[in-house]
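Tertiary structure, described
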Amino acid sequence: MTETATLELTDVPQVYKRHVFACFQQRPPTHPRGSCGAAGAQPLWERLGKQIEAAGQRDIVMTAAGCMSFCQAGPIMVVYPEGVWYQPRTPEDIDEIVSTHLVGGALVERLVIVPRI
């Protein structure tokens, strides 16, 4: 007789409805590539985290990311599973992304960017 292994709930990775990666790269202000941090990302990402939490949706998560290679466009974030890139500039932009896209499922067209490789 073999023993069957059982998984505890904490052993199973959480699957999210939406996963936001926000660039937290910080370079000196004089760096030629720039950075999201130097472009003022920190207060936007703090607001993003608070707004996601306030929405009460446990199936939406935010992860701090390093450089996402579009430094001059920063601050930038990408939302999966859609793979939509956003370029928020104001706290109100963050609020709109959370309510319209993360919770509501519709794109915020005016803030969408298409990275060129």
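Let me begin by describing the structure that accompanies this report. Because the structure is predicted, anything quoted here is derived from the model rather than measured.

The next subject is the packing of helix α1 (residues 41–55) against helix α2 (residues 91–103). The interhelical angle for the contact between α1 and α2, taken along N-to-C directions, is 35°, at an axis separation of 9 Å. By crossing handedness, the relation of α1 to α2 is classed as right-handed. Across the interface between the two elements, Leu44, Trp45, Arg47, Leu48, Gln51, Ile52 and Ala55 from α1 touch Pro91, Ile94, Asp95, Val98, Leu102 and Val103 from α2.

Moving on, we get to the sheet that holds strand β3 (residues 77–80). Here we have five strands laid out as an open sheet, ordered β2-β1-β3-β4-β5, and mixed in their pairing. Because the sheet does not close on itself, it has two edges, and the strands there are β2 (60–65) and β5 (112–113). Of the strand pairs in this sheet, β3 and strand β4 (residues 84–86) are connected by three bridges, and their pairing is antiparallel. In the sheet register, Val78 faces β4, and the bridge partner there is Trp85. Lying on the sheet, α1 is in contact with β1 (18–23), β2 and β3; it crosses β2 at an angle near 160°.

Analysis parameters
Residues numbered from 1 in each chain as written. Predicted model: local features only at pLDDT ≥ 70, side-chain atom pairs only at ≥ 80, totals over all residues. Heavy atoms only, no water. Axes fitted to C-alpha atoms, helices over the stretch in contact; angles between N-to-C directions. Helix = DSSP H or I, 4+ residues; strand = E, 2+ residues; numbered from the N terminus. Left-handed = near helix turned anticlockwise from the far one by under 90°. Contact = heavy atoms within 4.5 Å. Pairing = 2+ DSSP bridges.

In short, shape yes, function no, at least from these values alone.
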